Amino acid sequence: MYFRYPHVSVILLFIVATLRAQTLRDEANRADILIGAAVNAHYFSEAAYTSTLAREFGMVEPEDAMKWESLRPDEKTFNFAKADRIVEFAQTHSMKVRGHNLVWGTHNPEWLMQTNRTPQQLSALLHDHISRVVDHFRGKVFAWDVVNEGFNERGKLRDSLWFNQPGIGAGEGIAYIAQAFRWAHEADPNALLFYNEAEAEETNLKSDAIYAMVKDFRQRGVPIDGIGFQMHIFNLAPNFPSITVNFARFSKLGIQIHITEMDVALPVAADGKAINVADLQRQADIYAEIGKICLQTPGCTAIQTWGVTDKYSWLGWATHKTKGAGLLFDRQYQPKPAYKALEQALGKRSARQH
Ligand code: XIL
């Protein structure tokens, strides 16, 4: 039939090609998962940055613009300009916005760290901050990282301004975290509220402690909707079975999982490019495997990379320029092997169990 009617096969080919997802964003849509990137409005003047972002991602998160340090130049002022630009960009391009973050022990302005407020005063200040910020973005930010990196690797709460120095609840364990969630919920009952953490992707003392906290919150009705696993991968040998088991147990608690800050750091030369070509393939395999684990976990609803292009990745400074090239697009905005691998993994959406 194809030989007798060659035009039919041409038309069929055309239809198949159009139906096939063309971008990561399309593929993620089809897999019913969100694909996002952390962004910085500073780069919006670069056409390749904005076109790649809007084409390939369906979600953004301000890399820094919603942190205390950025929003609060002094005690009286809220500076929403940069964050608003990001939200505007997202709206123009029909993208969702994750908010990051409301409570963290670092990246706070000097004026906040250097005063000696009483716990009551500090508590009032945090309540006010959460209410005003969440209210400002009400209906625009669909999910918030309410508290970031509250636990250390031993599964103990990190010492911080908010917990115990002096803390908003005189150091009463996870009470300060619960309080922050309640305040955020008050300000926007429709926003999904996440606890976000580093190095808790696998089962370890830290993820055990977070698991116990989420279980407790669910039992007591503290409004928590999800866990953000950052997924900054610095060694090229993540323990996939352990990640699978960990994701599954959190998902069984009835909460969502977002992979919030993924990158896979590679050894790089002075020009920021990967030293070993083989590493790029290893990186691709890791992205694919994490994509697969997410699709297989019923509660895993988003995968986000910590940046758009290797050109502007935080890894540069975080690892003293010896590691980098962790993202899906290289410094010229070309898709890397990791891009294809993740796209293909998402393409196998039959793996997803709804
Ligand atoms: C990083 C940003 O990428 C940098 O631009 C900034 O200078 C420091 O913070 N975990 C987090 C993110 O939750 O907020 C951090 O982002 C990276 C580690």
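Further up the page is the structure itself.
Residues numbered from 1 in each chain as written. Predicted model: local features only at pLDDT ≥ 70, side-chain atom pairs only at ≥ 80, totals over all residues. Heavy atoms only, no water.

A.B. asks: Talk me through the overall build of the protein chain; I want residue IDs and the actual numbers.
C.D. replies: Helices and strands together make up the secondary structure of the protein chain, namely 13 helices and 11 strands. Computed over C-alpha atoms, the radius of gyration of the protein chain comes to 21 Å, within 12% of the 20 Å expected from 2.2 N^0.38 for 354 residues, which places it in the range of a compact globule. Considering only C-alpha atoms, the protein chain reaches an extent of 85 × 40 × 40 Å along its principal axes. For the protein chain, buried positions account for 53% of its 354 residues. Partitioning the intrachain contacts of the protein chain with sequence separation of at least 6 by distance along the chain shows that 76% fall at a separation of at least 24. Accessible area of the protein chain: about 15,800 Å², with a carbon and sulfur share of 54%. Taken as two groups, the 38 positive and 39 negative side-chain charges of the protein chain have centres that lie 5 Å from each other. (Helix = DSSP H or I, 4+ residues; strand = E, 2+ residues; numbered from the N terminus. Rg over C-alpha atoms; globule rule 2.2 N^0.38 Å. Buried < 20%, exposed > 50% of the residue type's maximum accessible area, 1.4 Å probe, protein only. Contact = heavy atoms within 4.5 Å. Areas by Shrake-Rupley, 256 points an atom, 1.4 Å probe, with all protein chains shown as cover. Lys, Arg positive; Asp, Glu negative; His and termini not counted. Charge placed at Lys NZ, Arg CZ, Asp CG, Glu CD.)

A.B. asks: If you had to explain the site of the ligand to someone new, which residues and values would you point to?
C.D. replies: Taken together, the neighbourhood of the ligand is formed by 14 residues, with Glu63, Asp64, Lys67, His100 and Glu261 sitting nearest. Between the ligand and the protein, one listed contact pairs an oxygen atom with a side-chain N or O atom of Trp306 at 2.9 Å. Against a free-state accessible area of 410 Å², the protein chains account for coverage of 87% of the ligand. Of the residues in the shell around the ligand, the class split is 4 nonpolar, 5 polar and 5 charged. (Near = heavy atom within 4 Å. Polar contact = N/O pair within 3.5 Å; in protein donor to acceptor, adjacent residues only side chain to side chain. Nonpolar A, V, L, I, M, F, W, Y, C, P; charged D, E, K, R; others polar.)

A.B. asks: Outline the packing of aromatic side chains, listing residues and values.
C.D. replies: The tally for this structure, following the rule as stated, stands at 18 aromatic pairs. Judged by centre distance (5.4 Å) and plane angle (75°), the rings of Phe229 and Phe250 are edge-to-face. With Phe229 in strand E6 (residues 226-229) and Phe250 in helix H10 (residues 240-252), the pair connects residues that are 21 residues apart, well separated along the chain. Phe250 carries the same exposure label as Phe229, and that label is buried. Through a chain of ring-to-ring contacts, the aromatic side chains of Tyr43, Phe44, Tyr49, Phe89 and Tyr312 assemble into a single cluster. Its end group placed over the ring of Phe194, Arg98 keeps NZ or CZ at 4.9 Å from the ring centre. (Phe/Tyr/Trp six-rings, centres within 6.5 Å; stacked < 30°, edge-to-face > 60°. Lys NZ or Arg CZ within 6 Å of the ring centre and 35° of its normal.)

A.B. asks: Tell me about the nonpolar core, residues and numbers included.
C.D. replies: Ranked by size, the top nonpolar core spans 103 residues in total, and within it Leu53, Trp144, Trp162, Ile177, Phe181 and Tyr195 carry the most contacts. Residue contacts for Tyr195: discarding those within four places in its chain leaves Val147, Glu149, Gly150, Phe151, Ile177, Phe181, Ile210, Met213, Ile224, Gly226, Ile227 and Gly228. By size, the runner-up hydrophobic cluster in this structure holds 6 residues, among which are Met59, Phe142, Phe194 and Ala302. (Core = buried A, V, L, I, M, F, W, Y, C linked by side-chain atoms within 4.5 Å.)

A.B. asks: I'd like a rundown of the side chain of Glu61, residues and numbers included.
C.D. replies: Along the chain, Glu61 turns up in strand E2 (residues 59-62). At a separation of 3.4 Å, a polar atom in the side chain of Glu61 contacts the side chain of His100. Ignoring anything within four residues of it in the chain, the contact list for Glu61 reads Ala37, Ala38, Val39, Arg98, His100, Asp145, Gln304 and Trp306.

A.B. asks: Talk me through unusual backbone geometry; I want residue IDs and the actual numbers.
C.D. replies: Glycine aside, a negative phi is what most residues show, and trans is what most peptide bonds show. Put simply, His100 and Asn101 share a cis peptide bond, and its omega is -10°. If you trace the backbone, Asn101 turns up in strand E3 (residues 96-103). Geometrically, the link from Gln165 to Pro166 is a cis peptide bond, its omega value of 5° lying close to zero. The topology assignment puts Pro166 in the loop between strand E4 (141-148) and helix H8 (175-187). Residue Asp32 is not a glycine yet carries a positive backbone phi of 60°. For Asp32, a relative accessible area of 48% translates into the label partly exposed. Despite not being glycine, Glu149 shows a phi value in the positive range, around 50°. Tracing the backbone through its elements, the reader meets Glu149 in the loop between E4 and H8.

A.B. asks: Go over the side chain of Arg249 with me, naming the residues and quoting the values.
C.D. replies: Looking at the secondary structure, you find Arg249 in helix H10. Dropping the residues within four chain positions of it, Arg249 is found in contact with Thr203, Ser207, Asp208 and Tyr211.

A.B. asks: If you had to explain the packing of helix H7 (residues 119-136) against H8 to someone new, which residues and values would you point to?
C.D. replies: Across the interface, H7 lies against H8 with an axial gap of 8 Å and an inter-helix angle of 35°. For H7 against H8, the interelement crossing comes out right-handed. When H7 is examined against H8, the residues Ser123, Leu126, His127, Ile130, Ser131, Val134 and Asp135 are found in contact with a partner set consisting of Ala180, Trp183, Ala184, Glu186 and Ala187. In terms of residue class, the contact of H7 with H8 is made up of 7 nonpolar, 3 polar and 2 charged. (Axes fitted to C-alpha atoms, helices over the stretch in contact; angles between N-to-C directions. Left-handed = near helix turned anticlockwise from the far one by under 90°.)

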